[in-house]
Amino acid sequence: MKLDIRMPMGLMFVIVGLILVVYGALTNSNTEMYTRSLGTNINLGWGLVLFFIGVTMVVLARRAMRTEKK
Amino acid sequence: MKIELHAVDYVILCVYFLFVLGIGLALKRYMKTGEDFFMSGRSIPAWVCGLAFISANLGAQEVIGMAASGAKYGIMTSHFYWVGAIPAMVFLAIFMMPFYYGSRARSVPEYLKLRFDEKTRGFNAISFAVMTVFSSGISMYALAKLFELLLGWNFHFSIFVSGVIVLAYIFLGGLTSAIYNEVLQFFLIVLGFLPLVMLGLRDVGGWHELILKLNAVSASKGLAPGAMTHSWAYTGSPTANPMGVEWFGVVFGLGFVLSFGYWCTDFLVVQRAMAANSMSAARRTPLIAAVPKMLFPALVILPGLIAISMHYQTKGMFLPVENGQPNYNMAMPAMLGHYYPAGMLGLGLTALMASFMSGMAGNVTAFNTVWTYDIYQSYIRPGQPDKHYLAVGHVTTVVGILLSVACAYAATKFNNILDFLQLVFAFVNAPLFATFLLGMFWRRSTGHGAFFGLLFGTLAAAIHHGLTIPAGSAVGIHGGWLCGSSGGDTTFMLLLWAAFLAIFGLGIVHVGRGEGAGNDDLRIRLGKAALYFSPVIALWTVIIKWFPIEPRTYPSDMAQNFWTAIYAWTACFVATILISLVTTRVRTDEQLKGLVYALTPKIKDHDIPWYKQPATLGLIVLAAAVVLNFLFW
């Protein structure tokens, strides 16, 4: 495979995760907004999850590229 | 029902669009030959193919439709997964992939040509090409309609944006681009909907609370309390369960005919496995796909269950109500709007958008290959250099998208026409699996047998549909049009068909004779068949005008569908065998090598580790599906 799909996919989830984390942090005091999600700041929490999933994908892709070069 | 989007939601949607186009751009330089563009150069690893394989099927109609079915029918909806999909995927992986991948075929219709003959391929290629364009158009229409209703987006704007983006990334990166975006969409759907299920489940008070509430919903429909929370227990009689089907229809109609017909012969999904980088990877593709497929009910059916129990608990405030009935199709959008704040809402809608677009892209790439290889290269301009067909592929992408747009607009004007076409394709597809089964496992089956078997199967489906009707439906698109009773006058339509067949038959016989074709020519035979058939229809129309018969009623359209499929399959199976026995076999054993089971050397799997052996993986997947069926019995 010439382009590892995990690379662009991982990058996208890193960016989307960061957007959610920042947005979640900024709106953390807005309790009214988070009554929908039953009082949890879902943006902050799930943004972190997406961020780490994205990082994992990028790391895996880079490792695969390195072994392929060798 | 309206959902308001904030700036952050639009930002997330835009990030997704940028990456989709970026992937297309990055792949552009690898698209050098026709094989790169149409078949990804057969270079994709198994796990990528596997995820694309289910993603291609996980269009938005599936996401929205399964949540709707979950809300309407309860846990029985899981039959579409644990009975419908899994066994067929295992069968495809173990028994059919060796022929698809191992033969020189580049598409499913091309396999039919190698195995049978030109006319069987032509029939399949043309019906498939038309079907893909319509499915892609319906996807577009559904997306634009939903976003108009939900977000207030302009209908034309949605069509334009989705069309342009899908066009751009397929044009640039061909099948690889479509496959990569399907993988991206897979993760988006999982990661976008998982928190929704968790929040919903917490809100209803956990799984046990959900079951209790569903029991109440079920009782309010006049069924036994457990009818919506068990998949098999109430299938002894069609009137005891919300779906209105009995176990035989589920097992044979859905589990055997419909699902094997779809998963094993539909080029849209099979193309994903054919792009794999080795035979072993191609065979593992459906098995890798089966694992997440088995777990999808938790992601797409469960939200429907939660939505209906919340609807019941809030006394009809959760879902929009139309004519006193909750609008089940809004189950998924209602869940998104109810539980997601700005931010996550952007992610959820991006996932929905992605599934609409990959549904379109999947159809367009399949259309590209079938049009270019099976229609253009075979009938219009054969023998051109590879570059020529690559260019045709690019043009076809544009044409395919334009046709989809046209279909999307046709759907706004003639809703019934699309229903009608889907019905016709259901008739064409249901018998197809019989043709493949006999083609792959019985060397004696002939081209004439396959082709006329398919025609008979299609005809049987149409006749069954015309003589039956789901309870409470009007005569017409739902059935009953061959009965001449129960309201609805179909005389005019039937006479129109008779006239059409007569003119069509006369026409092709005339053209064929003009070109000096003998009685053996297929055109002459088909033309004569149509000619003889037309007075039969006319006579039948007149008879039922005076002596109307009562159509047989099924408890639900689902039950009618399953039985239509069963009749179509059986008719095709029997007709193919009979016609094959009275016609001479043209293909020799040597020609059928690699195409028929008994004439193909068995693949030896002993030297690969057990977790890569298709048979072992298949057994594990099947065992897991059985366990799931028992858990929710």
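Scope of this entry: the structure provided in the associated data block. Everything quoted here is computed from the prediction, not taken from an experiment. (Residues numbered from 1 in each chain as written. Chains lettered and ligands numbered in written order. Predicted model: local features only at pLDDT ≥ 70, side-chain atom pairs only at ≥ 80, totals over all residues.)

We now examine the overall build of chain A. For chain A, the count of helices and strands is two helices and zero strands. Taking 70 residues into account, the globule formula puts the C-alpha radius of gyration at 11 Å, and chain A, at 16 Å, lies well above it. With the principal axes as the frame, chain A shows a C-alpha extent of 55 × 15 × 15 Å. Across the 70 residues that make up chain A, the buried fraction comes to 34%. (Helix = DSSP H or I, 4+ residues; strand = E, 2+ residues; numbered from the N terminus. Rg over C-alpha atoms; globule rule 2.2 N^0.38 Å. Buried ≥ 20, exposed ≤ 12 C-beta atoms within 10 Å, placed from the backbone.)

So, on to the interface of chain B and chain A. The interface of chain B with chain A comprises 30 residues on the first partner and 23 residues on the second. Of all the secondary-structure elements, those providing two or more residues to the side of chain B that touches chain A are helix H1 (7-28), helix H9 (155-204), helix H16 (331-339) and helix H17 (344-380) of chain B. In the side of chain B that touches chain A, the residues fall into 24 nonpolar, four polar and two charged. (Contact = placed C-beta atoms within 7 Å. Nonpolar A, V, L, I, M, F, W, Y, C, P; charged D, E, K, R; others polar.)

Residues and elements named next belong to chain B. Taken N-terminus to C-terminus, the directions of helix H8 (residues 118-151) and H17 make an angle of 155°; their axes are 9 Å apart at the nearest point. By the criterion of interaxial angle, the relationship of H8 to H17 is roughly antiparallel. In this structure, H8 crosses over H17, and the sense of that crossing is left-handed. Taken together, the residues of H17 that come into contact with H8 (itself represented by Arg-121, Ala-125, Phe-128, Ala-129, Thr-132, Val-133, Ser-135, Ser-136, Ser-139, Met-140, Ala-142 and Leu-143) are Phe-356, Gly-359, Met-360, Asn-363, Val-364, Ala-366, Phe-367, Val-370, Trp-371, Asp-374 and Ile-375. Each residue belonging to the contact of H8 with H17 can be placed in one class, and the counts come to 15 nonpolar, six polar and two charged. (Axes fitted to C-alpha atoms, helices over the stretch in contact; angles between N-to-C directions. Parallel < 35°, antiparallel > 145°, perpendicular 65-115°, else oblique. Left-handed = near helix turned anticlockwise from the far one by under 90°.)

What follows is about the environment of Arg104(B). Along the chain, Arg104(B) turns up in the loop between helix H6 (86-102) and helix H7 (108-115). Sequence separation between Arg104(B) and Ala88(B) is 16 residues; the distance between their C-alpha atoms is 23 Å.

Residue and element names in this part refer to chain B. Given a rise of 1.5 Å per residue, 37 residues ought to cover 54 Å, and the 50 Å separating the end C-alpha atoms of H17 matches this to within 8%. Residue Trp-371 marks the point of greatest curvature in H17, where the axis turns by about 35°. Across the 37 residues that make up H17, a large majority, 31, are buried. (Expected span 1.5 Å × (residues − 1). Bend = angle between axes of the 7 residues up to and from the residue.)

All names here are of chain A. Backbone geometry places Leu-38, a non-glycine residue, at a positive phi of 55°. Within the secondary structure layout, Leu-38 lies in the loop between helix H1 (6-26) and helix H2 (42-69). For Leu-38, a count of 13 C-beta atoms within 10 Å translates into the label partly exposed.

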